[in-house]
Amino acid sequence: MQIDEAVLKGVVADVLRKLQEQASGSPVADSKKEDCGCSCDGACSRGELGVFQNATDAAAAAKEAQKKLRKLGIEGRDKVVKIVKATCAEKAVEWGELEFAETKIGRLEHKIAKLQGIPNLPGVEWLAPRGMSGDHGITMEENTPFGVIGAITPVTHSIPTLSCNIVSMVAAGNTVVFNAHPGGAKCAVAAVREYNKRFKAELGIENIATIIEKPSLDSFNELCATPDVNLLCVTGGPGVVNAAMKSGKRAICAGPGNPPVVVDDSADLDKAAGDIIMGAAFDNNLLCIGEKQIFVVDKVYDQFIAALKKAGAFQLNAAQLDRLTKVAFTFKGDGGGCSHPVVNRDLVGADATKLAEIAGTSAPADTQMLFAETDEGHLFVIEEQMMPMVPVIRARDIDHAIEMAVKSEHGYKHSGMIHTLNVVNMGKMARALDTTLFVKNGACVAGLGMGGEGYSSFSIATTTGEGITTPDTFTRRRRCVLVDNLQMY
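Parameters and conventions
Residues numbered from 1 in each chain as written. Predicted model: local features only at pLDDT ≥ 70, side-chain atom pairs only at ≥ 80, totals over all residues. Heavy atoms only, no water. Helix = DSSP H or I, 4+ residues; strand = E, 2+ residues; numbered from the N terminus. Buried < 20%, exposed > 50% of the residue type's maximum accessible area, 1.4 Å probe, protein only. Contact = heavy atoms within 4.5 Å. Areas by Shrake-Rupley, 256 points an atom, 1.4 Å probe, with all protein chains shown as cover. Expected span 1.5 Å × (residues − 1). Phe/Tyr/Trp six-rings, centres within 6.5 Å; stacked < 30°, edge-to-face > 60°. Salt bridge = Lys/Arg side-chain N within 4 Å of Asp/Glu carboxyl O. Pairing = 2+ DSSP bridges. Axes fitted to C-alpha atoms, helices over the stretch in contact; angles between N-to-C directions. Left-handed = near helix turned anticlockwise from the far one by under 90°. Core = buried A, V, L, I, M, F, W, Y, C linked by side-chain atoms within 4.5 Å. Parallel < 35°, antiparallel > 145°, perpendicular 65-115°, else oblique. Nonpolar A, V, L, I, M, F, W, Y, C, P; charged D, E, K, R; others polar.

Undergrad: Please clarify how the overall build of the protein chain should be interpreted in this entry.
TA: Secondary structure assignment for the protein chain yields 14 helices and 20 strands. Looking at the protein chain residue by residue over its 489 residues, the buried ones come to 54%. Within the protein chain, residue pairs in contact and separated by at least 24 positions form 72% of the contacts whose partners lie at least 6 positions apart. Looking at the protein chain as shown, the accessible area adds up to about 21600 Å², and 51% of this sits on carbon and sulfur atoms.

Next up, the structure:
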């Protein structure tokens with residue numbers, strides 16, 4: 001039996017045991033297996049099917065797998081992409097339930113929907129070489145892989161982000177090591193194991209995707225430091241993004257967002273209300289692109305409030321909002337004599353009905369979104385709270401609405417929406433916000449191909465500017481030049 005060098009340390013004890021048993025002819029008692037929580041009977045503790053105890057071993061295994069993947073060419077990459085897409089379609093319900101049970105945030109039907117959207121992601125066909133021919137020969141520019149990518153995934157979309165990353169990164173010719181958010185690590189481990197089973201059966205290669213079984217800050221730092229990782233991709237909060245940016249490696253970073261939506265006096269108010277509820281309530285507003293605050297021009301403000309109620313949103317009064325705010329936010333000192341608000345993690349992704357109870361009221365069981373009238377300085381406006389409770393702010397006119405929207409977005413350049421039939425206002429807000437995603441007359445999810453044209457991704461690199469990630473994002477552009485020959489004229 002030939003053993004991959006990268007996993008030798010993890011299995012050496014078992015090999016010695018088997019050799020001893022063969023030599024003596026007598027059975028040797030099994031060593032105690034560790035319970036990793038992913039229903040693998042402890043196999044992942046020994047580095048099998050892509051699951052490792054530390055980042056160094058995981059990256060080394062992924063490096064060896066990348067060498068093998070390279071030999072299979074673009075056809076091999078395409079097979080990996082198809083396996084991931086088919087597996088997500090097949091296991092969307094099972095994996096959605098698994099992730100929901102572990103993370104206990106969001107909405108189960110939307111966990112499933114996110115996985116069902118993976119088959120629509122672009123694959124190897126997205127990579128297009130560029131050829132040039134002239135008096136001095138021919139030149140070809142191609143997209144080539146970095147090698148091994150270290151990827152950080154969030155608790156909000158654990159398996160979808162992992163699956164999306166595998167599609168894009170492997171289509172580009174890379175392999176990947178995952179350091180999942182601890183709150184969604186077990187379901188991520190289960191997905192990696194299943195993928196590697198299928199990769200091995202179909203292509204004869206394991207460790208195209210590897211993962212650290214018990215992720216931590218130490219494993220993240222180790223992942224950043226190991227020389228076998230050539231590129232980092234971070235989908236997470238500002239803390240981990242900042243750490244990755246300081247790692248010394250190139251990092252593709254999906255940073256924070258606080259997407260505003262503006263409604264002007266030309267908008268179809270009923271459609272705007274329905275679209276906003278659809279986007280802000282999707283997975284209980286866990287999406288980084290989700291509508292987080294609404295600015296409505298005074299002329300149609302009251303009509304819009306009525307449209308929200310008609311569409312099924314539940315309104316909190318001032319006292320109820322105050323009660324919810326006191327629970328939803330705490331204040332943490334920064335060591336400099338000041339304090340800053342911190343979102344209560346227990347309420348992130350909570351159902352609207354639960355938030356209503358905390359506010360001291362009772363919303364109908366089918367309520368997807370709460371709303372309340374606030375001013376522009378309210379905590380629910382200025383903080384990315386990821387709850388299906390959206391503040392509504394009255395604006396004097398479109399310019400005032402856009403001005404407040406820009407302020408609330410904090411220059412993250414992430415996402416924004418507008419509901420208007422006035423193309424001038426569309427242009428005004430697009431230029432003022434300068435966001436990576438800008439949706440006009442639709443729910444935020446239309447920006448990722450759900451109700452709008454385009455493709456999806458769960459890594460939107462706003463901080464580093466790559467935007468919605470695709471296979472092209474994870475490639476190096478290389479040029480090959482042949483001088484004074486092979487041109488055909």
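Now that the structure is up, let's keep going.
Undergrad: Just to check I follow, could you spell out helix α4 (residues 158–171) for this structure?
TA: Every α-helix winds through 3.6 residues per turn, so residues three or four apart in the chain are directed the same way. Compared with an ideal rise of 1.5 Å per residue, which puts 14 residues at 20 Å, α4 spans 20 Å between its outermost C-alpha atoms and is within 8% of the ideal. Of all the 14 residues making up α4, 14 are buried; the element is thus mostly covered by neighbouring parts of the structure. Once α4 finishes, G173 follows within two positions and takes phi at roughly 100°, a positive value.

Undergrad: Hey, could you run me through the packing of aromatic side chains in this one?
TA: A ring pair, where both rings are aromatic, is described by two values, the distance of the centres and the angle of the planes. As enumerated under the stated definition, the model contains four aromatic pairs in all. Here the aromatic rings of W95 and Y195 are separated by 5.4 Å at their centres, their planes lie at 85°, and the arrangement is edge-to-face. Here the residue W95 occupies a position in helix α2 (residues 55–103), and Y195 occupies one in helix α5 (residues 185–203), the gap between them amounting to 100 residues. Under the relative-accessibility criterion, W95 is labelled buried at 2%. Measuring from centroid to centroid gives 6.0 Å for Y195 and F199, while their planes differ by 10°, and the two rings are stacked. Taken together, the residues span about one helical turn, with Y195 and F199 both in helix α5 at a distance of four residues. Comparing Y195 with F199, the two get one shared label, buried.

Undergrad: Please clarify how the pattern of salt bridges should be interpreted in this entry.
TA: Should the charged atoms of two oppositely charged side chains come close, the side chains can pair. Enumeration according to the criterion identifies 21 salt bridges in this entry. Of the charged contacts, one joins D283 and K114 as a salt bridge, the two residues approaching to 2.6 Å between their closest N and O atoms. Taken together, the positions of D283 in the loop between α8 (269–281) and β10 (293–297) and K114 in helix α3 (residues 108–116) put the pair 169 residues apart, joining distant regions of the chain. Of the two residues, D283 and K114, neither departs from the other in class, the shared state being buried. Two residues, K271 and D275, come together in a salt bridge whose shortest N-O distance is 2.6 Å. Of the two residues, K271 and D275 both sit in helix α8, four residues apart, roughly one turn of that helix.

Undergrad: Help me understand the sheet that holds strand β20 (residues 475–483) in this model?
TA: Pairing between the strands of a sheet is mediated by backbone hydrogen bonds and can be parallel or antiparallel. Taken in spatial order, the three strands make up an open sheet running β2-β3-β20, and their pairing is antiparallel. Since the sheet does not close on itself, it has two edges, and those belong to β2 (130–134) and β20, each with one partner. Along the sheet, successive strands turn relative to each other by an average axial angle of 15°, direction set aside. The sheet contact formed by β2 and strand β3 (residues 137–145) spans five bridges and is antiparallel. Across the sheet, the residue bridging to R130 is E141, located in β3.

Undergrad: Teacher, can you tell me more about the packing of α4 against α5 here?
TA: It is the contact of α4 with α5, at a shortest axis distance of 9 Å, that shows an interaxial angle of 35°. Here the hand of the crossing between α4 and α5 comes out right-handed. Contacts from S158, I159, L162, S163 and I166 in α4 reach C187, A188, A191, V192, Y195 and F199 in α5.

Undergrad: Explain the nonpolar core to me, please; I cannot follow it from the model alone.
TA: Within soluble globular proteins, side chains that are nonpolar generally end up buried alongside one another. Formed by 52 residues in total, the largest nonpolar core has its most connected members in I294, F304, L308, M369 and V392. Of the residues forming this core, the biggest block, seven residues, is contributed by α8. In this structure L308 touches A273, I277, A313, M369, F371 and V392, once residues within four positions along its chain are discounted. Formed by 49 residues, the second largest nonpolar core is a distinct cluster that contains C187, V189, F199 and A461.

Undergrad: Whenever I open this one, the packing of α8 against helix α9 (residues 301–310) confuses me. Can you help?
TA: When two helices pack together, you describe them by how their axes are tilted relative to each other and by the distance separating the axes. Remark: α8 packs on α9, axes separated minimally by 8 Å, with the N-to-C direction vectors making an angle of 55°. Of the possible angle classes, the one that applies to α8 and α9 is oblique. Relative to α9, the crossing made by α8 is right-handed. For the pair formed by α8 and α9, the contact residues are L269, D270, A272, A273, I276 and I277 on the first element and Q303, F304, A307, L308 and K310 on the second. Partitioning the contact of α8 with α9 into residue classes produces eight nonpolar, one polar and two charged.

Undergrad: Teacher, can you tell me more about helix α14 (residues 423–433) here?
TA: Of all the positions in α14, only N425, M426, G427, M429 and L433 are classed as buried. In this fold, the buried residues of α14 make contact with β9 (260–263), α13 (398–409), β16 (415–419) and β17 (437–440). Two residues or fewer after α14 comes D434, characterised by a positive phi angle close to 60°.

Undergrad: Is there a simple way to explain the sheet that holds strand β6 (residues 209–212) in this structure?
TA: Pairing is parallel across the open sheet formed by six strands, whose spatial order is β1-β6-β5-β4-β7-β8. Every other strand in the sheet has two partners, leaving β1 (51–52) and β8 (251–254) as the edge strands with one partner each. The pairing of strand β4 (residues 148–153) with strand β7 (residues 231–235) spans four bridges and is classified as parallel. In the sheet register, I149 faces β7, and the bridge partner there is L231. Together, β1, β4, β5 (175–180) and β6 form the strand contacts of α2, whose direction differs from that of β5 by roughly 155°.

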